[in-house]
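Structure at a glance
Given next are the chains, with one letter for each unit.
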Amino acid sequence: MQKAQDAQLITRIAAQDQAALRGLYARHQARVFRFLLRLVRQEAIAEELTNEVFMEAWRHAASFEGKSSAATWLLSIAHHRAVSSLRRRREQSWNEEEAAEIADAEDDPEVQLQKTDKASLLRRCLEALSPEHREVIDLVYYHEMSIGEVSSIVGIPESTVKTRMFYARKRMSELLKTAGVDRGWP
Amino acid sequence: MSEDETTFSEREEIEMLLPWYVGGTLDATDRDRVERYLAHHPEVRRQLDLIREERHETIMANEALPTTPAGALDRLLASLPVDRPHLWRRLLDGEGLRAVALLFSQSAPRSVRFAAYVAAVLLLAQGVAIGAFMLKANDGAYQTAAGRDGSAGGPSFFIAFTDAASSAAVTGLLQDVDARIVDGPKPGGIYRIQLRTGEASPSAEEALRRRLAERRDVVRLVLPAKE
């Protein structure tokens, strides 16, 4: 139902129907914006990239074949926009970002207390992952994408999707272990 | 070492599939493979709890994020290269209504808040539009707010639809009264509709207006639009 409605909207966008773009935006802006914000970490840049994503959807709606879902299509555009933006900014390397320190001697008591909470620690570890690891985790856990869909969005083989997710989870466990939480895996 | 150069044990291969198994997005072949393995290696089930924990915190972290700032959609629309004649032709066919209905069809809390914000802005704009309409009607220098389209055909009305009105309900209503949208949406979500049939007497026109107004599930506002 959702997929059919999205496909209908995209067909109308291909005919330059602005109301249809409003509809598609209303349905997917939160997903796209959050996906981008998690990668680029700055709201202003995430908003700019979100607009670029929907602008590209406006321009290239006619090329949407409906083989994938609209969400997969939009996130695929968003992925490429985010990668370009990160490379352009050179603030962090897409592939080689150093994981942030979990422990920080300067933390105030409240933060120290939060760090003892396992859930908070887990979230801090998620934040400390490299963008590519964080991206695959978000796509699988939050956006509920299948292996094939992640492959399509990120532009990597399905086998790499599986190993990337595996290593992302391993890295998260290592970071937790460093912070004093041994999950017993790997 | 790259992500693809390692040879993995069967257990590791199964572990790789578990995030999708937990999320219910694994295809049938892989799901059967995982379930067969879990049946013989119950100790691996502990992994499922770890994954649920990771999944929960990932969802929480994402849901804590904002959505696009107010005005972002307006900025996007303002930057679009619009093919106006084509767009208007489609709007005049009434297809634009579907997107209006879709805008209010999301159920996520943030989306609802966004929709409520948009609705509030539209209602405010509608008040201004109606006020201007009444002032013009009273000073004898009336001119339709919706423009000059639709001069041929039957009586016309300004109409606004309820937030809950589905596109099917709107289309059905228009078919019931044999009308079409000739202009809009204007500020406040107001459209101008016109009957396809010829002129009607004032009493017949008022009867039709009342008939439209009675459809409160679909119609929020209906006013005669005199030429």
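See the structure shown above.
So, here is what we can say about the structure in this document. Please read all numbers here as calculations on a predicted model, not as lab measurements.

**Observations regarding the overall build of chain A**
Along its length, chain A carries nine helices and zero strands. In sequence order, chain A lays out its α and β elements as α-α-α-α-α-α-α-α-α. Put simply, chain A has 186 residues, and 58% of those count as buried. Considering only contacts within chain A whose residues lie at least 6 apart along the sequence, 62% involve residues at least 24 apart.

**A closer look at the interface of chain B and chain A**
Across the boundary between the two partners, chain B contributes 54 residues, which contact 61 residues of chain A. Together, the buried faces of chain B and chain A total about 5,600 Å²; carbon and sulfur atoms form 59% of this surface. Viewed at the interface, chain A and chain B are joined by eight salt bridges. Among the ionic pairs, B:E63 bridges to A:R34, the shortest N-O distance being 3.3 Å.

**Notes on the packing of aromatic side chains**
The relation between two aromatic rings is expressed through the spacing of the ring centres and the mutual angle of the planes. Counted under the stated rule, the structure contains seven aromatic pairs over all chains. By the ring-pair criterion, three or more aromatic residues cluster together here, those being A:F166, A:Y167, A:W185 and B:F8. Residue placement shows A:R169 over the ring face of A:W185; its charged tip is 4.5 Å from the ring centre.

**Let's talk about the sheet that holds strand β3 (residues 190–195) of chain B**
Residues and elements named next belong to chain B. Spatial strand order, β2-β3-β1-β4: four strands in an open sheet with antiparallel pairing. In this open sheet, the two strands that pair with only one neighbour each are β2 (179–186) and β4 (219–224). Geometrically, the sheet is characterised by an average inter-axis angle of 25° between neighbouring strands, direction not taken into account. Alignment of β2 against β3, held across five bridges, turns out to be antiparallel. Residue pairing in the sheet places I181 in a bridge with I193 of β3.

**A word on the pairing of β3(B)**
Residues and elements named next belong to chain B. Summarising burial for β3: six of the six residues are buried, a large majority. When strand β1 (residues 156–161) meets β3, the two strands line up antiparallel, connected through five bridges. Bridge pairing links F158 to R192 in β3.

**Details of the packing of helix α7 (residues 131–142) of chain A against helix α9 (residues 158–178) of chain A**
All names here are of chain A. At a closest axis distance of 9 Å, the pairing of α7 and α9 adopts a crossing angle of 105°. As far as their axial angle goes, α9 and α7 are roughly perpendicular. Contact with α7, carried on its side by E132, H133, V136, I137, V140 and Y141, involves V161, R164, M165, Y167, A168, R169, R171 and M172 of α9 and no other residues of that element. Class assignment of the residues belonging to the contact of α7 with α9 gives a composition of nine nonpolar, one polar and four charged.

**Here we look at unusual backbone geometry**
Residues and elements named next belong to chain A. In this structure, the amide linkage connecting W185 to the following residue, P186, adopts the cis form with an omega of 5°. Relative to the elements of secondary structure, P186 occurs in the segment after α9. The residue R41 is not glycine, and still its phi comes out positive at about 65°. In this model, E144 sits at a positive phi of 55°, which is unusual for a non-glycine residue. Note that E144 resides in the loop between α7 and α8 (147–154). By relative accessible area, which is 42% here, E144 ends up partly exposed.

**Digging into the pattern of salt bridges**
Pairing between side chains of opposite charge can happen when the charged atoms of each approach one another. Tallied over the entire structure, the rule returns 27 salt bridges over all chains. In this structure, B:E54 engages A:R183 in a salt bridge whose closest nitrogen and oxygen atoms are separated by 2.8 Å. Here B:E54 is found in helix α3 (residues 45–63), whereas its partner A:R183 is found in the segment after α9 on a different chain. The buried category is assigned to B:E54, whose relative accessible area is 0%. B:E15 is the salt-bridge partner of B:R11, the closest N and O atoms lying 3.3 Å from each other. Residue B:R11 and its partner B:E15 are located together in helix α1 (residues 10–23), separated by four residues, close to a single helical turn. A relative accessible area of 33% places B:R11 in the partly exposed class. The buried category is assigned to B:E15, whose relative accessible area is 5%. Each member of the salt-bridge network shares a partner with another, and the members are A:K118, A:R169, A:R183, B:E53 and B:E54.

**Looking at α9(A)**
When the terminal C-alpha atoms of α9(A) are compared, their 30 Å separation across 21 residues agrees well with the 30 Å that a helix rising 1.5 Å per residue should span. Residue A:G180 follows α9(A) closely and has a positive phi angle near 100°.

**A closer look at helix α2 (residues 18–40) of chain A**
All names here are of chain A. Across its 23 residues, α2 extends only 28 Å between first and last C-alpha, which sits more than 12% below the 33 Å expected from 1.5 Å per residue. Within α2, 21 of the 23 residues are buried, which leaves it mostly tucked inside the rest of the structure. Where α2 begins, one side-chain oxygen reaches toward the backbone nitrogen of A19, 3.0 Å away; that side chain belongs to D17.

Calculation notes
Residues numbered from 1 in each chain as written. Chains lettered and ligands numbered in written order. Predicted model: local features only at pLDDT ≥ 70, side-chain atom pairs only at ≥ 80, totals over all residues. Heavy atoms only, no water. Helix = DSSP H or I, 4+ residues; strand = E, 2+ residues; numbered from the N terminus. Buried < 20%, exposed > 50% of the residue type's maximum accessible area, 1.4 Å probe, protein only. Contact = heavy atoms within 4.5 Å. Buried area = accessible area lost by both parts, 1.4 Å probe. Salt bridge = Lys/Arg side-chain N within 4 Å of Asp/Glu carboxyl O. Phe/Tyr/Trp six-rings, centres within 6.5 Å; stacked < 30°, edge-to-face > 60°. Lys NZ or Arg CZ within 6 Å of the ring centre and 35° of its normal. Pairing = 2+ DSSP bridges. Axes fitted to C-alpha atoms, helices over the stretch in contact; angles between N-to-C directions. Parallel < 35°, antiparallel > 145°, perpendicular 65-115°, else oblique. Nonpolar A, V, L, I, M, F, W, Y, C, P; charged D, E, K, R; others polar. Expected span 1.5 Å × (residues − 1). Polar contact = N/O pair within 3.5 Å; in protein donor to acceptor, adjacent residues only side chain to side chain.

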